[in-house]
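Reading the structure
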Amino acid sequence: MEPVLRMEGAGAERGTAFWLRDVSLTLEPGTFMGVIGRNGAGKTTLFHMVCGLSRITGGNVWLDGINLRDEPERCKQEIGTIFDDGYFRLDLSASHAGAIYGAYYVGYSQPDFLKYCRQFGVDARQNVRKMSKGNYMRFQLAFAMAHKPKLILMDEPEAGLDPVFRREWMNLLYDVLDGRCSILFATHLTEELEQYADAVTMLSKGRQLFSLTMAELEERYKIVRGSKAQMDYLSKRLIGRRKMEHYEEGLFQEDGKELWVEVSVSRPSLADLMYYLDGENGERRV
């Protein structure tokens, strides 16, 4: 079975001020992949490249085996988008807006759209422009599912929403995943990704730091904690370190060698990885 999304050395430009370079990743069918990084890391440019909104400047991108450079319009038929913007914010009912935009998709079904609206708790009679942010997100998801995409792109749609809704939203996304549709989800809020994501890609200043499954991340990186003397002993093997109230900690990349010192070892959170790999604390040795 073809990967839903495959990139090899892909790059893109956004305007004249930002370039994304050398991104390689594989997204298998039915997979939830998070894309993390600080503001300005390149997450939106990555999504715009897949949507055809940013010009590909290097490498290749395939969607379900179709080269995006060669057949961009065919690729767009396989993509559903949920963005934090006003693209769908028309002064129309949800039902009418769905019918208008659905005409651009070969596989769109208005009855399916209305079915998903009911399933996701969206009143199809409500004016889209007057929807709350949460309902607007549900409306976009219902529309995306109604044209049967292979890939759903979500560019930080949950920013500014309360934690309870974010948890409900992630549960909803997990429920719609199946063996055919995959999700690429960009966010700088990492807590939910740790529970739901199958894999994570991390960007920093227009470059990819890694693209790994959650299991691979756990094998590769460790947080080590100990005294200053212990951390001094390990200093050359640490990506970065910081002083805490009663101990010091650092990020260690597995190198197959014994630590040879009694320190506490634990799995890093995605927030830990962002702190050490995407800041001034580490050496970006990924």
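Only a predicted model underlies this, so the values are computations on that prediction, with no experimental measurement involved.

1. Regarding the confidence of the model for the protein chain
Per-residue pLDDT for the protein chain has a mean of 89; in total, 96% of the residues score no lower than 70. pLDDT under 50 marks residues 282-286. Its contacts with residues more than four places away, or in other chains, come to 22 contacts.

2. Describing helix H1 (residues 43-51)
Burial analysis of H1 places nine of its nine residues in the buried class, which makes it a mostly covered element. Inspection of H1 places Lys43, Thr44, Thr45, Leu46, Phe47, His48, Met49, Val50 and Cys51 among the buried residues, and these make up the whole buried set. Directly beyond the C-terminal end of H1, a positive phi value near 85° is found at Gly52.

3. Notes on the pairing of strand E10 (residues 207-213)
Relative to E10, strand E9 (residues 199-204) runs antiparallel, the two sharing six bridges. Within E10, the residue paired with Val200 across the bridge is Leu212. Hairpin connection from E9 to E10: two residues lie between these consecutive antiparallel strands, with Lys205 at a positive phi of about 50°.

4. A short note on the pairing of strand E3 (residues 32-36)
With five of its five residues buried, E3 lies for the most part within the structure. Where E3 meets strand E8 (residues 182-186), four bridges bridge the pair, whose relative direction is parallel. If you follow Phe32 over to E8, its bridge partner there is Ile183. Two elements, E3 and E9, share four bridges in a ladder whose sense is parallel. Residue Met33 lies in a different strand from E9, and its bridge partner there is Ala199.

5. With respect to the environment of Leu270
Mapped onto the elements of the fold, Leu270 is located in helix H10 (residues 270-277). Exposure remark for Leu270: the relative accessible area of 2% places this residue in the buried category. Remark: the alpha-carbon pair of Leu270 and Arg129, spanning 141 residues in sequence, is separated by 35 Å.

Basis of the calculations
- Residues numbered from 1 in each chain as written.
- Predicted model: local features only at pLDDT ≥ 70, side-chain atom pairs only at ≥ 80, totals over all residues.
- Heavy atoms only, no water.
- pLDDT = per-residue confidence, 0-100.
- Contact = heavy atoms within 4.5 Å.
- Buried < 20%, exposed > 50% of the residue type's maximum accessible area, 1.4 Å probe, protein only.
- Helix = DSSP H or I, 4+ residues; strand = E, 2+ residues; numbered from the N terminus.
- Pairing = 2+ DSSP bridges.

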